[in-house]
Amino acid sequence: MSPSAVEIQARTLAGYADASRLRQVQDRDWVLDRVTGSPETLIDLGSGIGQLLESALERFPSLRLAVGLERSEHRIAEAGRRLAPYGERAELHRADLIAPEPLPHRAQVITQTSVLHWLYPVEDRVFAWVAAHLAPGGRFLLTTYHPARDAHGLGGEDELVREALAALGTPAADVPALLAAHGVLPIATRTRTVDDLLTVLAPYLEVAGHAERDAVVTVESAEQYEHFHAATFGDYYAQVLPGERRADFYRAVGAAAWRRQSERGHVSHMPVRRWELTAREEFVSGSGTGPLPA
Ligand SMILES: C[S@@+](CC[C@H](N)C(=O)[O-])C[C@H]1O[C@@H](n2cnc3c(N)ncnc32)[C@H](O)[C@@H]1O
């Protein structure tokens, strides 16, 4: 059986420009609003389809270089098309932030929006990288999501997935074990608490400020959420089902979201934190790379 359109979308993470309007897009200006002065270099970690880089290049004419690091080749290709008009001011690198390679730049601004949970449990590596790549006085502007979690570590998108799997015949109580059996860590486990994050970042970075907002997701149809899920989470959850059941799974996630929308007036909401971080002194002085994670 050939894959459905939504399965192909999940494999290639396509349709993100549309899907991200539901949640992630708001982080972009929220973060860029905190950029001060006239930055010359900005690095975006997990740059997706290049939307933040494009906004930054438009908003800050002082930027001589806006660099994106991203793992997905499909997303890099889409970002390349979006950023082509900026010529040499934009640079994209395929990179795995779980083991980030050094870059020959120090940036006044480093950004990372809606990405950190994918780096769990080794977020310390990217924090060390950032500290080593911030110019003196530079800021790391980061957003992190904090859904409430249950005793199994499930919350946020995991709950919709649990409802969808239950609708397809897996008892809701068996879902944590099904995810674990496929090595799928619940997103609400990946998204550490603020206190946990403070502990992980402390050897490398200092908090200069923060703000919180409530990210409320609403949809106009089940199909809209089905595509949001596929574009955002790809086949991360769908992999727990055999290939022939995945199209049903995406449909069931959309149906679960639409049911919530009808009952509650929204699909989900969760606190998002915007962090403003600076490198610890030992990194800024260039006296070495500072403590590196094991
Ligand atoms: C939810 S999207 C956010 C994209 C963009 N920052 C935004 O705010 O719209 C998460 C992005 O992180 C990327 N990503 C996830 N894990 C990664 C890793 N280990 N290394 C590099 N990029 C990664 C994904 O490919 C995806 O583009």
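Here the structure is a predicted model, which means the values were calculated and not measured. (Residues numbered from 1 in each chain as written. Predicted model: local features only at pLDDT ≥ 70, side-chain atom pairs only at ≥ 80, totals over all residues. Heavy atoms only, no water.)

I keep staring at the overall build of the chain and nothing clicks. Help me out?
What the chain contains, in helices and strands, is 13 helices and seven strands. Taken over C-alpha atoms, the radius of gyration comes to 19 Å for the chain, in line with the 19 Å a tight globule of 294 residues would show. Expressed as lengths along the three principal axes of its C-alpha atoms, the size of the chain is roughly 60 × 40 × 35 Å. The 294 residues of the chain split such that 53% are buried. Within the chain, residue pairs in contact and separated by at least 24 positions form 80% of the contacts whose partners lie at least 6 positions apart. (Helix = DSSP H or I, 4+ residues; strand = E, 2+ residues; numbered from the N terminus. Rg over C-alpha atoms; globule rule 2.2 N^0.38 Å. Buried < 20%, exposed > 50% of the residue type's maximum accessible area, 1.4 Å probe, protein only. Contact = heavy atoms within 4.5 Å.)

Is there a simple way to think about the UniProt feature "domain: Methyltransferase type" (unreviewed entry) in the chain in this case?
UniProt marks residues 43–140 with the feature "domain: Methyltransferase type" (unreviewed entry), using the numbering shown here. Between the C-alpha atoms that bound residues 43–140 the distance is 9 Å, and the span itself is 32% helix and 28% strand. (UniProt positions renumbered as here; feature names shortened; annotations may be inferred.)

Explain the pattern of salt bridges here, please?
Opposite charge on two side chains makes pairing possible when the charged atoms of those side chains draw close. Applying the stated rule across the entire model yields 15 salt bridges. A salt bridge links Arg273 to Glu212, with the shortest nitrogen-to-oxygen separation between them at 2.9 Å. Of this pair, Arg273 sits in strand 7 (residues 268–279) while Glu212 sits in strand 6 (residues 205–217), placing them 61 residues apart in sequence. Several salt bridges share partner residues, and in doing so they unite Asp29, Asp33 and Arg59 into one network. (Salt bridge = Lys/Arg side-chain N within 4 Å of Asp/Glu carboxyl O.)

Which parts of the structure should I look at to understand the packing of aromatic side chains?
The geometry of an aromatic ring pair comes down to the distance between the two centres and the angle between the two planes. Tallied over the full model, the rule gives seven aromatic pairs. Here the aromatic rings of Trp118 and Tyr236 are separated by 5.1 Å at their centres, their planes lie at 80°, and the arrangement is edge-to-face. In this pair, Trp118 sits in the loop between strand 4 (107–112) and helix 6 (123–133) while Tyr236 sits in the loop between helix 11 (222–233) and helix 12 (246–264), placing the two residues 118 residues apart along the sequence. An aromatic cluster is present here, built from Trp118, Phe233, Tyr236 and Tyr237 joined pairwise through their rings. Directly above the ring of Trp30 sits Arg213, whose terminal nitrogen or CZ lies 5.2 Å from the centroid. Taking NZ or CZ as reference, Arg273 lies 4.9 Å from the ring centre of Trp275, over its face. (Phe/Tyr/Trp six-rings, centres within 6.5 Å; stacked < 30°, edge-to-face > 60°. Lys NZ or Arg CZ within 6 Å of the ring centre and 35° of its normal.)

How should I be thinking about the pairing of strand 7 in this particular structure?
Regular strands have side chains that alternate between both faces of the sheet. With 10 of 12 residues buried, strand 7 lies mostly within the body of the structure. Of the strand pairs in this sheet, strand 5 (residues 134–145) and strand 7 are connected by six bridges, and their pairing is antiparallel. Residue pairing in the sheet places Thr143 in a bridge with Arg274 of strand 7. (Pairing = 2+ DSSP bridges.)

Before we go on, may I ask you to explain the site of the ligand in this structure?
Taken together, 15 residues surround the ligand, and among them Tyr16, Gly46, Glu70, Asp96 and Thr113 come closest. Leu97 is positioned with one of its backbone polar atoms (N or O) 2.9 Å from a nitrogen atom of the ligand. In isolation the ligand offers 600 Å² of accessible surface; the protein chains occlude 95% of this area. For the shell around the ligand, the class distribution of residues is six nonpolar, five polar and four charged. (Near = heavy atom within 4 Å. Polar contact = N/O pair within 3.5 Å; in protein donor to acceptor, adjacent residues only side chain to side chain. Areas by Shrake-Rupley, 256 points an atom, 1.4 Å probe, with all protein chains shown as cover. Nonpolar A, V, L, I, M, F, W, Y, C, P; charged D, E, K, R; others polar.)

Looking at this model, I keep getting lost on the packing of helix 1 (residues 5–12) against helix 12. Mind explaining?
Helices that pack against each other are described as a pair by the angle of their axes relative to one another and the distance between those axes. Axis separation between helix 1 and helix 12 bottoms out at 9 Å; the angle between their running directions is 85°. By the angle between their axes, helix 1 is roughly perpendicular relative to helix 12. Contact residues: helix 1 offers Val6, Glu7 and Ala10, while helix 12 offers Arg246, Ala247 and Tyr250. Its residues placed into classes, the contact of helix 1 with helix 12 shows four nonpolar, no polar and two charged. (Axes fitted to C-alpha atoms, helices over the stretch in contact; angles between N-to-C directions. Parallel < 35°, antiparallel > 145°, perpendicular 65-115°, else oblique.)

Help me understand the confidence of the model for the chain in this model?
The predicted coordinates should not be examined in detail at positions where pLDDT is low. In the predicted model, the chain carries a mean pLDDT of 93, and the fraction of residues at 70 or more is 96%. Throughout residues 288–294 the model reports pLDDT below 50, and contacts reaching past four residues in sequence, or to other chains, amount to 14 contacts. (pLDDT = per-residue confidence, 0-100.)

What should I look at first to understand the environment of Thr199 in this one?
In this structure, Thr199 sits in helix 10 (residues 194–201). Residue class for Thr199 comes out exposed when judged on its relative accessible area of 61%. As for Thr199 and Asp124, which are separated by 75 residues in sequence, their C-alpha atoms are 9.7 Å apart. At 3.1 Å, the side chain of Thr199 and the backbone oxygen of Asp195 are in polar contact.

I'm lost on the sheet that holds strand 2 (residues 65–70) in this one. Help?
Pairing between sheet strands relies on hydrogen bonds along the backbone, with the strands arranged either parallel or antiparallel. Ordered in space as 3-2-1-4-5-7-6, the seven strands form an open sheet in which the pairing is mixed. Of all the strands in the sheet, just strand 3 (90–94) and strand 6 have a single pairing partner and so form its edges. Each neighbouring strand pair of the sheet contributes to a mean axis angle of 15°, computed without reference to strand direction.

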